[in-house]
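Architecture at a glance
So you can see what is in the structure, the chains are spelled out below.
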Amino acid sequence: MSMTGHLLALDAPVVASQATTPGPFTDGNGFFKQWADVAAQRGIQVVYQGFEADIEKVIAAKPDLIVGSASGADSTAKVYERLKGIAPSARR
């Protein structure tokens, strides 16, 4: 989810994202308020909520490309090998 705002700012064709639980810094979907309106306008779907990647939900989303964070609370480093078996994957 830490990458989603950057991708939306670049006008990347994001269709789904990880999210966190709703709270003071996020909207009802768990998207950060800084880019939540853009995500809503573009119809971004929540694949799963939380900081641990839900591989089964990622598979069910049938992604064309997976972009994940290499560090931070939502890092995909632990599951990168599995993710790149689902779709082309990039960690940043």
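For the structure, see preceding data.
Here the structure is a predicted model, which means the values were calculated and not measured.

**Details of helix H2 (residues 33-41)**
Trp 35, Ala 36 and Ala 39 are the residues of H2 that are buried. Burial along H2 is one-sided: seen end-on, the buried residues are contained in an arc of 130 degrees. Opposite the packed face of H2, turned more than 90 degrees from it, sit the exposed residues Asp 37, Ala 40 and Gln 41. Buried residues in H2 make contact with helix H1 (4-9). The first or second residue beyond H2 is Gly 43, which carries a positive phi of 70 degrees.

**Topic: the environment of Thr 20**
As for its placement among the helices and strands, Thr 20 is situated in the loop between strand S1 (16-19) and H2. On a C-alpha basis, the gap between Thr 20 and Met 3 in space is 13 Å, while along the polypeptide they are 17 residues apart. If near-sequence neighbours (up to four positions away) are discounted, Thr 20 is found in contact with Met 1, Thr 26, Asn 29, Gly 30, Gln 49, Gly 50 and Phe 51.

**Some remarks on the nonpolar core**
Core analysis: the largest hydrophobic core is formed by nine residues, namely Leu 8, Ala 12, Val 14, Ala 19, Phe 31, Trp 35, Ala 36, Ala 39 and Ile 44. At three residues, H2 tops the list of elements feeding residues into this core. Residues within four places of Leu 8 in sequence aside, it is in contact with Val 14, Trp 35, Val 38, Ala 39, Arg 42 and Ile 44.

**Regarding the pairing of S1**
As judged from the four bridges shared by S1 and strand S2 (residues 45-49), these two strands associate in the parallel manner. Looking at the pairing, Gln 18 lines up with Tyr 48 of S2. In the classification by handedness, the crossover that spans S1, the intervening H2 and the parallel S2 is right-handed.

What counts as what
Residues numbered from 1 in each chain as written. Predicted model: local features only at pLDDT ≥ 70, side-chain atom pairs only at ≥ 80, totals over all residues. Heavy atoms only, no water. Buried < 20%, exposed > 50% of the residue type's maximum accessible area, 1.4 Å probe, protein only. Helix = DSSP H or I, 4+ residues; strand = E, 2+ residues; numbered from the N terminus. Arc of directions from axis to C-beta. Contact = heavy atoms within 4.5 Å. Core = buried A, V, L, I, M, F, W, Y, C linked by side-chain atoms within 4.5 Å. Pairing = 2+ DSSP bridges. Right-handed = clockwise from strand over helix to strand, strands pointing away.

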